Amino acid sequence: MNKIKLIPGALACCVIAVLSFDGAKAQGTGGAMPQPAGPQANDWMVVFPPHRVVGDVYYVGSAGLASYLITTSAGHILINSSLEASVPLIKASVEKLGFKFSDVKILLISHAHFDHCAGSARVKELTGAKYMVMDADVPVVESGGKADFQYGNSPDTLYPAMKVDRVLHDGDEVKLGGVALVARKTPGHTKGCTTWTMKAGDGTDGKRYDVVIVGSPNVNDGYKLVNNAAYPEIAQDYERAFRVWKSLACDVFLGAHGSYYGMSEKFASMKDGAANPFVDAEGYKRYIAEREAAFREEWKKQQGQK
């Protein structure tokens, strides 16, 4: 059984003053792509205690936007730069864990929406990290969001255009310091939505755990699953993605938003010497099954309306 050890000071939590988003945030229940401005701020810029998930995998995101640091002997890998305003928060979380932000050598993303990649230009400026993106999301990233099939004409969702250093394809490995992540293309939410898989262990029981970081299985408000001229194969791509997710071995279930896997509740249950709450194979299966059912219900509804 995997045991956890809490990091001293990890329970300190505060709120950054720049709170600029409201509306429906991207959650495990789907919802609209959030828009800037509004009287109520959501949790995207609420600082969450950085913490070890398992082995060399650490959470360094906010309460609402997930970012992960994978540490290695040759530098580190960061998954998701989040908003431009998120970068100082992510940097502070990395440093609070005792690592140097400047040691980030590779930058990856879950998918090319602004809440996961708008900060990439700033991360690269600060670290010089190589930016690696799934093939079908490259045009979106390099256009600053303008090539997105759904949000390309929405100024509030655009972000600094960024040149990609390595174009990834389904099944490609990203390696650094003896650590290997596998990029699985799970399209639909974006054309290049990426689910990351890797092996990790913390040395307490000698077991290696299958870690899955889900890109996004959600059908956002306004997505056309039928007769979508900008993305004709969108429904079939979602079906492909669910086949991939159901095929993956998963012990540790993570995602592009902490709400996908009940991060706050699991973190609150962490105790020294206790079983690691992030080891949740059954939770992963339930989540994917629930999200697939929601997708198929929406698809059926739209087919009846055509």
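Residues numbered from 1 in each chain as written. Predicted model: local features only at pLDDT ≥ 70, side-chain atom pairs only at ≥ 80, totals over all residues. Heavy atoms only, no water.

Student: Just to check I follow, could you spell out the overall build of the protein for this structure?
Tutor: Along the backbone of the protein there are seven helices and 14 strands. Per-residue burial for the protein yields a buried fraction of 55% across its 306 residues. For the protein, restricting intrachain contacts to residue pairs at least 6 apart in sequence, the fraction spanning at least 24 positions comes to 65%. A total accessible area of about 12,400 Å² is found for the protein, and carbon and sulfur atoms account for 52% of it. (Helix = DSSP H or I, 4+ residues; strand = E, 2+ residues; numbered from the N terminus. Buried < 20%, exposed > 50% of the residue type's maximum accessible area, 1.4 Å probe, protein only. Contact = heavy atoms within 4.5 Å. Areas by Shrake-Rupley, 256 points an atom, 1.4 Å probe, with all protein chains shown as cover.)

Student: Can you help me understand the pattern of salt bridges in this one?
Tutor: Scanning the model with the defined rule gives 14 salt bridges in all. With a closest N to O distance of 3.0 Å, Asp-170 and Arg-184 form a salt bridge. Placement of the pair is Asp-170 in the loop between β9 (166-168) and β10 (173-176) and Arg-184 in strand β11 (residues 179-185), with a sequence separation of 14 residues. Classification of Asp-170 by relative accessible area gives partly exposed; the value is 34%. Put simply, Glu-282 and Lys-285 hold a salt bridge, and the shortest N to O gap is 3.6 Å. With Glu-282 and Lys-285 both in helix α7 (residues 281-305), this residue pair falls three residues apart, about one helical turn. Judged by its relative accessible area of 45%, Glu-282 falls in the partly exposed class. Judged by its relative accessible area of 52%, Lys-285 is exposed. (Salt bridge = Lys/Arg side-chain N within 4 Å of Asp/Glu carboxyl O.)

Student: I'm lost on the packing of aromatic side chains in this one. Help?
Tutor: Where two aromatic rings form a pair, the distance of their centres and the angle of their planes describe that pair. What the rule picks out here adds up to 17 aromatic pairs. With centroids separated by 6.3 Å and ring planes inclined at 50°, the aromatic side chains of Tyr-151 and Tyr-223 adopt a geometry described as tilted. Here Tyr-223 lies in the loop between β13 (209-214) and α5 (234-247) and Tyr-151 lies in the loop between α4 (138-142) and β9, a separation of 72 residues in the sequence. There is no split in this pair, since Tyr-151 and Tyr-223 are both buried. (Phe/Tyr/Trp six-rings, centres within 6.5 Å; stacked < 30°, edge-to-face > 60°.)

Student: I tried to follow the sheet that holds strand β12 (residues 194-200) on my own but got confused; where do I start?
Tutor: Remark on secondary structure: sheet strands pair via backbone hydrogen bonds, oriented parallel or antiparallel. Spatially, the five strands line up as an open sheet ordered β10-β11-β12-β13-β14, and their pairing is mixed. What marks the edges here is a single partner per strand, and that holds for β10 and β14 (252-255). For this sheet, the mean angle separating the axes of adjacent strands, direction not counted, is 20°. Summarising the sheet, β11 and β12 pair through five bridges and their orientation is antiparallel. Bridge pairing in β12 places Val-182 opposite Thr-197. (Pairing = 2+ DSSP bridges. Axes fitted to C-alpha atoms, helices over the stretch in contact; angles between N-to-C directions.)

Student: Got a minute to help me understand the pairing of strand β3 (residues 51-54) in this structure?
Tutor: On a regular strand, each side chain points to the face opposite its neighbour's, so the side chains alternate between the two faces of the sheet. Of the pairings in the sheet, the one linking β3 to strand β4 (residues 57-59) comprises three bridges and is antiparallel in character. The residue of β4 that forms the bridge with Arg-52 is Tyr-58. Count of turn residues in the β3/β4 antiparallel hairpin: two residues, of which Gly-55 carries a positive phi of about 55°.

Student: What is the right way to read helix α1 (residues 87-96) from this model?
Tutor: Since the α-helix advances by 3.6 residues per turn, residues separated by three or four positions end up pointing in the same direction. Where α1 is concerned, the buried positions are Val-87, Leu-89, Ile-90, Ser-93 and Val-94. Summarising the axial view, the buried residues of α1 lie within an arc of 160°, below the 170-degree limit, and thus occupy one face. Residues of α1 that are buried make contact with β5 (68-72), β6 (75-79) and α3 (120-127). Looking at the residues trailing α1, positive phi occurs at Gly-98, about 95°. (Arc of directions from axis to C-beta.)

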